[in-house]
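Spelled out from the first residue to the last, the chains are:
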Amino acid sequence: TTLNRPCTEKLPPALVIFLDVDPAVSAKRRTSERTDSEIYDAIERQIAIRSNYMRALEIAEVDGVKIARISTEADRETVARQIRAAVAPLFAAR
């Protein structure tokens, strides 16, 4: 957030969409879709990464950033519908 702060102070986002997934669900998806592994695939690392994102989101919210947290554990169409619902008020306001 420190690196991005100058950008967001000059041009704050109208909305940040955070697509959230439980690390265990993510791991299950990865192993069902591919056989090779990446350096960030270990469940412990995924938990730490998600935790860091959650802390960054908390800081952003304190700074007044509007955040739509959307769980990606639903099917793709449900997630897409939730994203559209989150951004719809932004277009209605124009």
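Residues numbered from 1 in each chain as written. Predicted model: local features only at pLDDT ≥ 70, side-chain atom pairs only at ≥ 80, totals over all residues. Heavy atoms only, no water.

*Asks:* When you look at the overall build of the chain in this model, what are you seeing that I'm missing?
*Replies:* Scanning the chain for helices and strands turns up four helices and two strands. Listed N to C, the secondary structure of the chain is α-β-α-α-β-α in terms of helices and strands. Taken over 94 residues, the chain has a buried fraction of 21%. About 7,300 Å² of surface is accessible on the chain, with carbon and sulfur atoms providing 57% of the total. (Helix = DSSP H or I, 4+ residues; strand = E, 2+ residues; numbered from the N terminus. Buried < 20%, exposed > 50% of the residue type's maximum accessible area, 1.4 Å probe, protein only. Areas by Shrake-Rupley, 256 points an atom, 1.4 Å probe, with all protein chains shown as cover.)

*Asks:* Quick question: what am I supposed to make of the pattern of salt bridges here?
*Replies:* Pairs may arise between side chains of opposite charge once their charged atoms sit close together. Under the definition given, this model contains four salt bridges. A salt bridge links D20 to R50, with the shortest nitrogen-to-oxygen separation between them at 2.8 Å. Separated by 30 residues along the polypeptide, D20 in strand β1 (residues 16-20) and R50 in helix α3 (residues 43-62) bring together distant segments of the chain. Measuring nitrogen to oxygen at the nearest pair gives 3.1 Å for the salt bridge that ties E61 to R69. Of the residues examined, R69 reaches a relative accessible area of 38% and is grouped as partly exposed. The network of salt bridges with shared partners includes E77, R81 and R84. (Salt bridge = Lys/Arg side-chain N within 4 Å of Asp/Glu carboxyl O.)

*Asks:* Which parts of the structure should I look at to understand the packing of aromatic side chains?
*Replies:* Two aromatic rings, taken as a pair, are described by how far apart their centres are and by the angle between their planes. As enumerated under the stated definition, the model contains one aromatic pair in all. Relative to Y53, the ring of F18 has its centre 5.9 Å away and its plane inclined at 40 degrees; by these criteria the two rings are tilted. Placement of F18 in strand β1 and of Y53 in helix α3 is noted, with a sequence separation of 35 residues between them. Residue classification places F18 among the buried residues on the basis of a relative accessible area of 12%. (Phe/Tyr/Trp six-rings, centres within 6.5 Å; stacked < 30°, edge-to-face > 60°.)

*Asks:* In this structure, what is going on with the side chain of D20? I would like to understand it.
*Replies:* For D20, a relative accessible area of 15% translates into the label buried. With near-sequence residues (within four places) excluded, D20 lies in contact with R50, M54, I70, S71 and T72. (Contact = heavy atoms within 4.5 Å.)

*Asks:* Just checking my understanding: could you explain the environment of I43 for this structure?
*Replies:* Tracing the chain through its elements places I43 in helix α3. For I43, a relative accessible area of 31% gives the class partly exposed. Each C-alpha atom, one on I43 and one on A27, is 7.0 Å from the other, the two residues being 16 residues apart in sequence. Residue contacts for I43: discarding those within four places in its chain leaves P23, A24 and A27.

*Asks:* Any chance you could explain the environment of A74 here in plain terms?
*Replies:* Mapped onto the secondary structure, A74 falls in the loop between β2 (67-71) and α4 (76-92). A sequence separation of 53 residues divides A74 from V21, and the C-alpha atoms of the two residues are 9.6 Å apart. Discounting chain neighbours no more than four positions away, the residues touching A74 are R29 and V79.

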